[in-house]
Amino acid sequence: MKYIASNLGMPRVGRKRELKFIIEKYWRGEASISDLTSTANEVVTLNNTLQVQAGINPTTVNDFTLYDRMLDMCCLTGLIPSRFNNLNKLSFTDSYFRFARGEGNVAAMEMTKWFDTNYHYIVPEIEETSAPNFNREFFENQVLPDGDRNHQKFSIIGPLTFLTLAKAANGSINKYAIYFELKKTYDELLKYVLSLGYINLQIEEPVLGTDLNDAQVTIFEDFYSNLKTRLDIPTNILLATYFGNVEDNISIVKNIEVDCLHLDIFTDESNIDSLSTLNESYDSISLGVISGRNIWKINLNETIEIINRALHNLNFDTVFIAPTASLQHVPYSLKLEEKMPTEVMNWLAFAEEKILELQVLVGRLNKEISEEDERVKSILTANTMRKSSTLVNDPSVAKRISGLTNEDFERQSEFAIRQKIQRAHFQFPKLPTTTIGSFPQTTEIRQARADFNAGKINEAEYKNFIEKAIIECIEKQEALGIDVLVHGEPERNDMVQYFGELLSGFTFTSFGWVQSYGTRCVKPPVIYGDIKRPNPMTVEWAKFAQSNTNKIMKGMLTGPVTILQWSFVRDDQPRSLTCNQIALAMRDEVKDLEAAGIEVIQIDEAAIREGLPIRKAKQPEYLKWSVDAFRLTAAGVNNQTQIHTHMCYSKFNDVMDSITAMDADVISIECSRSNMKLLNLFKEEKYPNEIGPGVWDIHSPRVPSLEELEQLIQKAVDVIDIRNLWINPDCGLKTRGWPEVEATLSNMIQATKNIRAKI
Ligand code: GLN
Ligand code: ZN
């Protein structure tokens, strides 16, 4: 068997986010289209060069995009929502950005999370009038590197994944009905690509890792069963799956006209079981063995063992060795990091390092690189050091985890009893009003934090500044007449990073940016060791805030699942265990807040839904441990202490039982965009605890009118028992400006008062 290094895609925002900066400049009118194009070309050229240097052949091209690859597919197949047709004509690039960002009253195309990642794609919309048609002019705008096309692999998202992730514009449309026209369009597109001289294609069908229905199976078989015959030009087709296992979909990938299948055998080894069946019909296979979603250096010996085990008794002519998924989900290069502890840095690999690891791994497999090779030795040393490092293992944490009992996950009494005690104690008005935590992060606040980090102001000055911001925020809330106040979170750079910086076991990168959507990037913390809370993290600020008001001040924390989900997580123990370690640290914080006189404590779980596995069979296990981690965080307090949680999304259908099982006294959810329809689900499922449906879509600066808010509140009152109902915005207000915040909250309070008078 011959092993060849292969790759599915590179990060596309550039080594130092060059693409983000040039696009944003272009949007502001400060850069020209040729500036934009030249930066984009530099990014794809560097990506290609690095792959060539690492011996990857063919390299992957067209993995790049100016905004999103699903949007690229919409443009290439001519599937643009009709609402954009009447706008003035713009250049291709400008209309492309307009689809993503909207213009005036014409809404942007929707964005949603890409499988179980924190990347957001643009959702294709299928309307009655949708007519797929290959748009060759748009193709000319794709940014492709120079070089020999024989040594490049042209990648696109496949038609089944594209259609599966599309949404029908209304309930009477069957989106799959456009498939036959879409197929013609894809054929035309692929033939065009081949006519340009490419001979290698990478067609991505990550939906093969999900449970498929009959309509999807039919489409898959129709498209792929005679694909090469239809294209009628000699070509090598790689069909790539990632994020999940093919399992029973093996029966449909077995007999199709593609040359090679890519499977992740690293994240979860169950794909290994499919290999012998595939060997009956495939001469080559591509194995994902280096995590495309995490940042740890390869464990060289273990990886070789996995590969050997996977291929035991099998005989493929060619085995491609690749990352599990596109490297778009990891940062670009470790070489840029200067501040991280060197010991930890030595355990990591970002995109640039990962493709070099491929080269070493393949060299070892082909026996072209010896054990004595410096690169091999340095990887193996790092592997050994990490296992035994005292930075990783803290016996006191392990001891605490092993001492957990069922009682640690249970509140003192059940909700009905707690609710009685809390009602008698708090005496809130009907429909109590509150907000979700953050208030505008003004330029002054960001500046003060930057100055403090740069040593331009000292700790006392910074503290003084934050205290003033808190007092101002309290005064504004009191003037507005809000019932349960928050301190506004001016001291927090980010809801995860803030806590990560104060917990042990975490470290931070300087340039570890990962694209979240379009030009937005996030810099996830790295969890490398056992987690402990050396000191209280929010207690002083909360106490200070409470001492400045007679109203109830809500304590504000991020939940363990969200901290886990938005970090790079260690791979040497189960996620559930790391999550419980975070939960214990946050539980101590909850108890300290309670002891400091904070009577209402909110634990945000913005990411609990996002972590849901894409295979149904795997969901119960995840939901069990994530709900348990939340309960462990919350359960240490007295009956009278009111625990809130917050979730800013609206997909609750699959997870209602778990939301109930979290047993928060009050939950706030995003609701305004669904026009309160989401509440019907909570009603049908008989959600027993208190609930605050969001009445203000905080994603836009628009100020909803008094009447509009009254209508939304009335809708909520019609569905939910009013004694369980709270009134609040959809989410935190940190990205909004004070004028719209004050105007909207004032309308929200007045609308609440008007409805209170009627009930
Ligand atoms: N408390 C956080 C805030 O208000 C919650 C943010 C979130 O859920 N995304 O900013
Ligand atoms: Zn939120």
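Preceding this paragraph is the structure being described.
Residues numbered from 1 in each chain as written. Chains lettered and ligands numbered in written order. Predicted model: local features only at pLDDT ≥ 70, side-chain atom pairs only at ≥ 80, totals over all residues. Heavy atoms only, no water.

Moving on to the overall build of the protein chain. Helices and strands together make up the secondary structure of the protein chain, namely 28 helices and 22 strands. With the C-alpha coordinates of the protein chain rotated into their principal frame, the extents come out at 75 × 65 × 50 Å. Taking all 759 residues of the protein chain together, 60% fall into the buried category. By sequence separation, contacts in the protein chain at least 24 residues apart represent 78% of the contacts at least 6 residues apart. Within the structure as shown, the protein chain displays about 30,400 Å² of accessible surface, and the carbon and sulfur contribution to it stands at 49%. For the protein chain, the separation between the mean place of its 81 positive charges and that of its 102 negative charges on side chains is 3 Å. (Helix = DSSP H or I, 4+ residues; strand = E, 2+ residues; numbered from the N terminus. Buried < 20%, exposed > 50% of the residue type's maximum accessible area, 1.4 Å probe, protein only. Contact = heavy atoms within 4.5 Å. Areas by Shrake-Rupley, 256 points an atom, 1.4 Å probe, with all protein chains shown as cover. Lys, Arg positive; Asp, Glu negative; His and termini not counted. Charge placed at Lys NZ, Arg CZ, Asp CG, Glu CD.)

Here we come to the coordination of the zinc ion (ligand 2). Of the protein atoms, only His-646 (NE2), Cys-648 (SG) and Cys-731 (SG) coordinate the zinc ion (ligand 2), at distances of 2.0 to 2.4 Å. The coordination sphere of the zinc ion (ligand 2) comprises four donor atoms, whose angles at the metal cover 89 to 121°; the geometry is tetrahedral. (Donors = N, O, S within 2.8 Å, 3.2 Å for Na, K, Ca; no water. Tetrahedral: all angles 85-135°; square planar, octahedral: opposite > 155°, others 65-115°.)

Let us look at the site of ligand 1. Inspection of the region around ligand 1 gives 13 residues, with Ser-438, Glu-489, Asp-604, His-646 and Gly-732 positioned closest. Between ligand 1 and Ser-438 there is a distance of 2.7 Å, counted from an oxygen atom to a side-chain nitrogen or oxygen. His-646 places a polar side-chain atom, nitrogen or oxygen, 3.2 Å from an oxygen atom of ligand 1. The protein chains hide 93% of the 300 Å² of surface that ligand 1 would expose on its own. Partitioned by chemical class, the residues of the shell around ligand 1 number six nonpolar, four polar and three charged. (Near = heavy atom within 4 Å. Polar contact = N/O pair within 3.5 Å; in protein donor to acceptor, adjacent residues only side chain to side chain. Nonpolar A, V, L, I, M, F, W, Y, C, P; charged D, E, K, R; others polar.)

Take unusual backbone geometry next. Put simply, Asn-57 and Pro-58 share a cis peptide bond, and its omega is 5°. Phi is positive for Met-676, close to 70°, though the residue is something other than glycine. Relative to the elements of secondary structure, Met-676 occurs in the loop between β21 (666-669) and α26 (678-684).

Counting buried residues along strand β17 (residues 526-532), six of its seven residues qualify, which places the element largely inside the surrounding structure. Looking at chain direction, strand β14 (residues 504-507) and β17 are connected through three bridges and run antiparallel. Bridge pairing links Ser-504 to Lys-532 in β17. (Pairing = 2+ DSSP bridges.)

Another point: the nonpolar core. The biggest cluster of nonpolar side chains holds 142 residues, and the ones touching the most others in it are Leu-71, Trp-114, Leu-287 and Ile-321. Ranked by the residues each element gives to this core, the list is headed by helix α7 (residues 179-195), at eight residues. Among residues more than four places away in sequence, those in contact with Ile-321 are Tyr-3, Ile-4, Ala-5, Ser-6, Leu-287, Val-289, Ile-307, Leu-358, Leu-361, Val-362 and Leu-365. Membership of the second largest hydrophobic core comes to 99 residues, among which are Leu-503, Ile-531, Ala-545 and Ile-691. (Core = buried A, V, L, I, M, F, W, Y, C linked by side-chain atoms within 4.5 Å.)

Where two aromatic rings form a pair, the distance of their centres and the angle of their planes describe that pair. For the coordinates displayed, the defined rule picks out 28 aromatic pairs. Seen in terms of ring centroids, Phe-428 and Trp-726 are 5.4 Å apart; in terms of plane orientation they differ by 70°. Their pairing is edge-to-face. Separated by 298 residues along the polypeptide, Phe-428 in the loop between α17 (415-426) and α18 (443-453) and Trp-726 in the loop between α27 (706-719) and α28 (738-758) bring together distant segments of the chain. Overall, Phe-428 belongs to the partly exposed group, its relative accessible area being 22%. With relative accessibility at 1%, the residue Trp-726 sits in the buried group. A connected cluster of aromatic rings, assembled from ring pairs, spans Tyr-26, Trp-27, Tyr-67, Tyr-96, Phe-97 and Phe-138. Over the face of the ring belonging to Trp-296 we find Arg-386, whose NZ or CZ atom lies 3.9 Å from the ring centre. Over the ring of Trp-738 we find Lys-476; its NZ or CZ atom is 4.2 Å from the centre of that ring. (Phe/Tyr/Trp six-rings, centres within 6.5 Å; stacked < 30°, edge-to-face > 60°. Lys NZ or Arg CZ within 6 Å of the ring centre and 35° of its normal.)

Our focus in this paragraph is the pattern of salt bridges. Within the structure shown, the criterion is met by 48 salt bridges. Arg-587 serves as the salt-bridge partner of Asp-408, at 3.8 Å between the closest nitrogen and oxygen. Here Arg-587 lies in helix α23 (residues 575-595) and Asp-408 lies in the loop between α16 (395-402) and α17, a separation of 179 residues in the sequence. Considered together, Asp-408 and Arg-587 belong to a single accessibility category, that of buried residues. Each of Arg-386, Asp-530, Arg-570, Asp-571 and Asp-572 takes part in salt bridges that share partners, so that together they form one network. (Salt bridge = Lys/Arg side-chain N within 4 Å of Asp/Glu carboxyl O.)

Let us look at the state of the cysteines. Within the structure shown, the criterion is met by zero disulfides. Cys-521 takes part in no disulfide bond, and the closest cysteine sulfur, belonging to Cys-648, lies 19 Å away. Overall, Cys-521 belongs to the buried group, its relative accessible area being 12%. (Disulfide = S-S within 2.5 Å.)

Compared with the 30 Å implied by 1.5 Å per residue over 21 residues, the 30 Å span of α28 between its first and last C-alpha is a close match. Every buried residue belonging to α28 is among Trp-738, Glu-740, Val-741, Thr-744, Leu-745, Asn-747, Met-748, Ile-749, Ala-751, Thr-752, Ile-755 and Arg-756, and all of these are buried. Those residues of α28 hidden inside the fold are in contact with α19 (459-480) and α27. (Expected span 1.5 Å × (residues − 1).)

Turning next to the sheet that holds strand β12 (residues 318-323). Two strands in a sheet stick together by hydrogen bonds in their backbones, pointing the same way (parallel) or opposite ways (antiparallel). Strands sit in the order β1-β12-β11-β10-β9-β8-β6-β2 across an open sheet of eight strands; the sheet is parallel. The sheet terminates laterally at β1 (2-5) and β2 (59-61), the two strands that pair on one side only. If you compare each strand with its neighbour and ignore which way they point, the axes differ by 30° on average. As paired strands, strand β6 (residues 152-157) and strand β8 (residues 200-204) are joined by five bridges and run parallel to one another. In the strand pairing of β8, Ser-155 is matched with Gln-202. Packing against the sheet, α7 makes contact with β6 and β8, and its axis sits at approximately 165° to β6. (Axes fitted to C-alpha atoms, helices over the stretch in contact; angles between N-to-C directions.)

To continue, consider the packing of helix α14 (residues 351-365) against helix α15 (residues 374-388). Direction vectors running N to C along α14 and α15 enclose 110°, while the axes themselves pass 10 Å from each other. The angle between α14 and α15 places the two elements in the roughly perpendicular class. Contacts between α14 and α15 pair Gln-359, Val-360 and Arg-364 from the former with Arg-375, Val-376 and Ile-379 from the latter. Classifying every residue of the contact of α14 with α15 gives three nonpolar, one polar and two charged. (Parallel < 35°, antiparallel > 145°, perpendicular 65-115°, else oblique.)

Our focus in this paragraph is the sheet that holds strand β22 (residues 690-693). Taken together, the six strands give an open sheet; going across it, the order is β13-β18-β19-β20-β21-β22, and neighbouring strands pair in parallel fashion. Each edge of the sheet is formed by a strand with only one pairing partner; in this case those strands are β13 (484-485) and β22. In this sheet, β21 lies alongside strand β20 (residues 642-647) in parallel orientation, the contact comprising four bridges. Along β21, the bridge assignment pairs His-646 with Ser-668. The sheet contacts of α23 involve β18 (552-558), β19 (600-604) and β20, and relative to β18 the element is tilted by about 170°.

With that settled, the discussion passes to the environment of Gln-640. Position of Gln-640 among the secondary structure elements: in the loop between α24 (619-634) and β20. Using a relative accessible area of 31% as the deciding quantity, one classes Gln-640 as partly exposed. In this view, Gln-640 contacts Ile-421, Gln-422, His-425, Phe-426 and Glu-599; residues no more than four positions away in its chain are not counted. Side chain to side chain, Gln-640 and His-425 meet in a polar contact 3.1 Å long.

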